[in-house]
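Architecture and fold: a report
Chain by chain, the residues run as shown.
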Amino acid sequence: MGLAGMAMVGLSACQPPQLGPGCHFARSASQVLLNHNANGWGDGASNVWASGGRSHWNNANTKAPTIVNYWPQDQNAGHFGVKEYTSNVSINSGYTSTVGPSGGFAPPTCGSSSWATKPHIWLNTTKGSANERNGRQLWNYGVAAHEIGHALGLGHTTNTDCAKVHLMESRNATAQDCNVHHPTAGDKAAVNGIYD
Ligand SMILES: [Zn+2]
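Per-chain numbering applies: the sequence of each chain, read as written, is numbered from 1 onward. Local features in this predicted model are restricted to residues whose pLDDT is 70 or higher, and side-chain atom pairs enter the listing and the counts only when it is 80 or higher, whereas totals over whole chains, interfaces and linings include all residues.

Looking at the overall build of the chain
Numbering of helices and strands starts at the N terminus; helices are DSSP runs of H or I of at least 4 residues and strands are runs of E of at least 2. In terms of regular secondary structure, the chain is built from four helices and eight strands. Ordering the α and β elements of the chain from the N terminus gives β-β-α-β-β-β-β-β-β-α-α-α. Buried means a residue has 20 or more other C-beta atoms within 10 Å of its own C-beta, exposed means 12 or fewer, and partly exposed covers the counts in between; C-beta atoms are placed from the backbone. Here the chain holds 196 residues, and the buried ones make up 43% of them. Any residue pair is listed as a contact if its two C-beta atoms, each placed from the backbone, are within 7 Å. Intrachain contacts of the chain at a sequence separation of at least 6 include 67% that bridge at least 24 residues.

Structure representation (C-alpha cells):
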C-alpha cells in the first residue's frame, strides 16, 4: 500500500482508518506478535521505537492483547509488522515540523472473515530530532504507540484542549505538545470497547 493510503500522523487531512468487522485482533486474544526482522521490516531505530510504543500499551492495563516482540526471518510471520521509512515530504502544517509525517498505519485487507493481508505500522526515522518537541525518544515512542493503537483497532480523536487530548489525536503534535505519549483513560476505554 502506498503512503497515500495510510493514516498519517501529522497531516491535518488524514482520515481515520476504518477497520471492518473482524479486522482487529481477535476479541479473546491474549497476545499479539509485533514482527521485527532484518529484511527491511523493523530495522534499526524503528525497532527501538516500536518496542517503546508497544510497552506503553502493555503497561496500560487494558483488555487489549499483550503485544509481544517477535523476531522471525519471514516478514509475513507475526500478527503485525513495523516498517521504517525516511522520505521527507514537505508540508505546511502550521506547527514546528515541516518535514514529513512521523508515522503511518497500513490497515489490514479484509477477507470474508479474516485479514487477507496483515496490518503494519510505519515509522519515519528522520523525525524526532533532538531539538524537536520533547526530544527524539519520547516523540518516537509516542508516535509508535499511536500507530500501534491503530493496529489494535482505534481510530482518531480530534481534541485540542490538553485536558481532553488523547494519544489517538489525528495530529501527533497536538498530543506531543500536551505531553501525552501514552494511552490515556479515554484511549483505554476505547480499546476496552473492542476487546472482551
Ligand atoms: Zn493516526
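Right, picking up where we left off after that structure.
Observations concerning the nonpolar core
Linking buried Ala, Val, Leu, Ile, Met, Phe, Trp, Tyr and Cys residues through C-beta atoms within 7 Å yields a set, and such a set is a nonpolar core. In this structure, Ala-50, Trp-57, Ile-121, Leu-123, Ala-144, Ile-148 and Leu-152 are the most contacted members of the largest nonpolar core, which totals 32 residues. Only β2 (31-35), α1 (44-58), β4 (80-85), β5 (103-106), β8 (120-124), α2 (136-152) and α4 (185-192) provide two or more residues apiece to this core. In terms of residues, this core owes the most to one element, α2, which gives eight residues.

A short note on the environment of Asn-59
Tracing the chain through its elements places Asn-59 in the loop between α1 and β3 (66-70). The sequence separation of Asn-59 and Pro-183 amounts to 124 residues, and the corresponding C-alpha distance is 9.2 Å.

Some words on α4
Those residues of α4 that sit buried are Asp-187, Ala-190 and Val-191. Across the axial projection of α4, the buried residues extend over an arc of 95 degrees, all falling on one side. Exposed side of α4, more than 90 degrees from the buried face: Ala-185 and Ala-189 are the residues found there. By construction, the arc corresponds to the directions joining the helix axis to the C-beta atoms.

Thoughts on the environment of Arg-171
Structurally, Arg-171 is set in the loop between α2 and α3 (172-177). When the C-alpha atoms of Arg-171 and His-156 are compared, they prove to be 9.0 Å apart, with 15 residues separating the residues in sequence.

Some details on the environment of Leu-138
Along the chain, Leu-138 falls in helix α2. Residue Leu-138 is classed as partly exposed on the basis of its C-beta count, with 15 C-beta atoms lying within 10 Å. When the C-alpha positions of Leu-138 and Val-180 are compared, they lie 9.7 Å apart, and in sequence the two are 42 residues distant.

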